[in-house]
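A closer look at the structure
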Amino acid sequence: MKKFFDAYQIVGNLANFYDAMLTNSGLLGRLALKFFWGLDDDAYQKFLAQAFAGIPKNFSGRLLEVPVGTGVLSLPIYRNLTGAEIFCADYSDKMLDAARVRADKMNLRGVKFLQSDVADLPFEDNFFNAVLSINGFHVFPDKNAAWSETRRVLRSGGTFCGCMYIKGENRRTDFFVEKFCEPQRFFNPPYETFASLKNFLSNHFTRAEVTHVESFAGFVCTK
Ligand SMILES: C[S@@+](CC[C@H](N)C(=O)[O-])C[C@H]1O[C@@H](n2cnc3c(N)ncnc32)[C@H](O)[C@@H]1O
């Protein structure tokens, strides 16, 4: 478990490259995104749209994002959610440090950051109107606890949304995940497939919409 968490302390130190890949920017970032994840510019835009499909532009209420990582994808969106109370959680203090610096530069004063394990969230039941998880569930080591905790803190009628890696859609990506991401503990099996994720979410939420772009599934579910 310790080695696993240390993996993202290292990514925290390599935040610039990590962010370039996630934002499809810079030559290296774009090449890596296309080569390893099969996402060209069009597919990347679809990936982004499906990742945030569950958060309307006028969202207000309480939102939990877990894991926030460096906040490279989500913080720009929070700038416009002036009526929302936003909590961003991550296990890695290095990733959180990078997210805090980014929020400061953006003058995002209202967002709260907390170091927390998704398997043991420090919130009461039904606390949030929405829970957003971007690229988290293929990483979390205790997936059952993560499913159960994110659902527990979400109120009835609330939205659970985000995206995650799914297996079986792109052979090069699957190979890269198995040979690089897993040994480095950046990813942690078992992984969902598109069908298993759809099935799981349909069984645990009253409504579940699941899409995918290459190896990334997007989900918008109602509790
Ligand atoms: C692939 S990154 C995704 C971060 C961000 N959502 C993004 O897309 O840029 C995975 C993140 O999960 C965090 N993480 C791993 N295990 C965790 C856990 N048990 N609880 C909370 N965060 C965790 C890592 O520290 C890392 O920041």
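Everything numeric in this text was worked out from a predicted model, so none of it was measured. Per-chain numbering applies: the sequence of each chain, read as written, is numbered from 1 onward. This being a predicted model, a pLDDT of at least 70 is required before a residue's local features are given, and a value of 80 or more before pairs of side-chain atoms are given or counted; all residues contribute to the totals for chains, interfaces and linings.

Helix and strand counts for the protein come out as 9 helices and 7 strands. Atoms counted for the radius of gyration: C-alpha only. Globule rule: 2.2 Å times the number of residues to the power 0.38. Taking 17 Å as the expected radius of gyration for a compact globule of 223 residues, we find that the protein reaches 16 Å, a close match to that expectation. Considered along the principal axes of its C-alpha atoms, the protein spans approximately 40 × 40 × 35 Å. In the protein, which comprises 223 residues, the proportion classed as buried is 41%. Numbering of helices and strands runs from the N terminus; a helix is a DSSP stretch of H or I covering at least four residues, while a strand is a stretch of E covering at least two. Whether a residue is buried, exposed or partly exposed follows from its count of other C-beta atoms within 10 Å of its own C-beta, namely 20 or more, 12 or fewer, or something in between, respectively; the C-beta atoms are built from the backbone.

Take the sheet that holds strand S2 (residues 84-90) next. The pairing criterion is simple: DSSP has to find at least two bridges between the two strands. A sheet is described by the order of its strands in space; here 7 strands give the open sequence S3-S2-S1-S4-S5-S7-S6, paired in mixed fashion. Both outer strands of the open sheet, strand S3 (112-115) and strand S6 (207-213), are each paired with one neighbouring strand and no more. When strand polarity is set aside, the average angle formed by the axes of neighbouring strands in this sheet is 15 degrees. As defined by bridge partners, S6 adjoins strand S7 (residues 216-222) across 7 bridges and the pair is classed as antiparallel. Each axis is a line fitted through C-alpha atoms, and for a helix only the stretch in contact is used; angles between axes span 0 to 180 degrees, taken between their N-to-C directions.

Looking now at helix H7 (residues 143-152). Looking only at H7, the buried set comprises Ala-146, Glu-149 and Thr-150. The buried residues of H7 all sit within an arc of 95 degrees when viewed along its axis, so they share a single face. Packing partners of the buried residues in H7 comprise strand S4 (128-134) and strand S5 (154-165). Arc definition: directions from the helix axis to the C-beta atoms. For every residue pair, C-beta atoms are placed from the backbone, and the pair is scored as a contact if these atoms sit within 7 Å.

Looking only at helix H4 (residues 41-51), the buried set comprises Tyr-44, Phe-47, Leu-48, Gln-50 and Ala-51. Buried residues in H4 make contact with helix H3 (27-37), S4, S5, S6 and S7.

We now examine the pairing of S7. Most of S7 sits out of view: 6 of its 7 residues are buried. Bridge count between S5 and S7: 7 bridges; the pairing is antiparallel. By the bridge assignment for S7, Thr-159 is matched with Thr-222. From the end of S6 to the start of S7, which pair antiparallel, there are 2 residues, and Glu-214 there has a positive phi angle of about 50 degrees.

Most peptide bonds are trans, and most residues other than glycine sit at a negative phi. Geometrically, the link from Val-66 to Pro-67 is a cis peptide bond, its omega value of 0 degrees lying close to zero. You can see Pro-67 is positioned in the loop between strand S1 (61-65) and helix H5 (75-78). Residue Pro-189 is joined to Pro-190 through a cis peptide bond whose omega torsion reads 5 degrees. Looking at where Pro-190 falls in the secondary structure, it is placed in the loop between helix H8 (171-181) and helix H9 (194-204).

Before going further, it helps to examine the nonpolar core. Throughout this description, the term nonpolar core refers to a group of buried Ala, Val, Leu, Ile, Met, Phe, Trp, Tyr and Cys residues whose C-beta atoms join them within 7 Å. Counting residues in each nonpolar core, the largest one holds 61 residues, and the members touching the most others are Leu-64, Cys-88, Ala-99, Val-131, Cys-161 and Ala-217. The element best represented in this core is S5, accounting for 6 residues. Beyond its immediate sequence surroundings of up to four residues, Leu-64 is in contact with Phe-87, Ala-89, Phe-128, Val-131 and Val-153.

Across 4 bridges, S2 lies against S3 in parallel orientation. Note that in S3 the partner of Ala-89 across the bridge is Leu-114. A clockwise course of the path from the first strand over the helix to the second, judged with the strands pointing away from the viewer, identifies a crossover as right-handed. In this fold, S2 hands off to helix H6 (residues 93-105), which returns the chain to S3; that crossover is right-handed.

Take the environment of Leu-154 next. Residue position: Leu-154 is located in strand S5. C-alpha separation for the pair Leu-154 and Phe-127, spaced 27 residues apart in sequence, amounts to 5.9 Å. Once you skip the residues sitting within four places of it in the chain, Leu-154 turns out to touch Phe-128, Val-131, Phe-160 and Lys-223.

The next thing to look at is the environment of Asn-188. Along the chain, Asn-188 turns up in the loop between H8 and H9. Under the C-beta neighbour-count criterion, Asn-188 is labelled partly exposed, with 17 such atoms within 10 Å. Sequence separation of Asn-188 and Phe-219 is 31 residues, and the distance between their C-alpha atoms is 20 Å.

Relative to the helices and strands, Ala-195 resides in helix H9. Its 11 C-beta neighbours within 10 Å are what place Ala-195 among the exposed residues. Taking the C-alpha atoms as reference points, Ala-195 and Phe-180, separated by 15 residues in sequence, lie 25 Å from one another.

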